[in-house]
Amino acid sequence: MRISTYLETPGILQAQISSVPPEMRGRIDHYNRNMQWASRRDAEKPGDSVLFKVDVAESGWYYFGITDLSGGSYAQEYTFVVTK
């Protein structure tokens, strides 16, 4: 899944996966304004929440990808929130 967010001013951008199914090992990939991969954060173990923070220097669109490193598909929903 890919999510986009627009920042009007530079600052700290935070993305979080929470309420994760117990079997899911989440990953958040961060892509810059040009849709080029920039960095990532992985859950340490299945069922863990993932918190990703990045200091962005310019306004514009930024993108996130969400992946399950366990390769699963789950009936239970999780929460993904992006804040500045």
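This text follows the structure it describes.
Predicted model, so just to flag it, every value in this text is computed and none were measured.

1. Quick look at the sheet that holds strand β3 (residues 26–31)
- Taken in spatial order, the four strands make up an open sheet running β1-β6-β3-β4, and their pairing is antiparallel. With one partner strand each, in any of the chains shown, β1 (2–7) and β4 (37–42) form the two edges of the open sheet. Neighbour to neighbour, the strand axes of the sheet diverge by 25° on average, direction disregarded.
- Strand direction decides the pairing type here: β3 and β4, joined by five bridges, are antiparallel. Looking at β4, one finds that Tyr31 is bridged to Trp37.

2. Some details on the pairing of strand β6 (residues 60–68)
- Taking burial as the measure, the nine residues of β6 include seven buried ones, the bulk of the element.
- Examined bridge by bridge, β1 and β6 share six bridges and lie antiparallel to one another. Across the sheet, residue Ile3 finds its bridge partner in β6, namely Phe64.
- Looking at chain direction, β3 and β6 are connected through six bridges and run antiparallel. By the bridge assignment for β6, Tyr31 is matched with Tyr63.

3. What about the side chain of Asp29?
- Looking at the secondary structure, you find Asp29 in strand β3.
- Under the relative-accessibility criterion, Asp29 is labelled buried at 6%.
- A polar side-chain atom of Asp29 sits 3.0 Å from a polar atom in the side chain of Trp37.
- A polar contact is formed between the side chain of Asp29 and the side chain of Arg40, at a distance of 2.7 Å.
- When sequence neighbours within four positions are dropped, the list of residues in contact with Asp29 reads Trp37, Ser39, Arg40, Tyr63, Phe64, Gly65 and Thr67.

What counts as what
- Residues numbered from 1 in each chain as written.
- Predicted model: local features only at pLDDT ≥ 70, side-chain atom pairs only at ≥ 80, totals over all residues.
- Heavy atoms only, no water.
- Pairing = 2+ DSSP bridges.
- Helix = DSSP H or I, 4+ residues; strand = E, 2+ residues; numbered from the N terminus.
- Axes fitted to C-alpha atoms, helices over the stretch in contact; angles between N-to-C directions.
- Buried < 20%, exposed > 50% of the residue type's maximum accessible area, 1.4 Å probe, protein only.
- Polar contact = N/O pair within 3.5 Å; in protein donor to acceptor, adjacent residues only side chain to side chain.
- Contact = heavy atoms within 4.5 Å.

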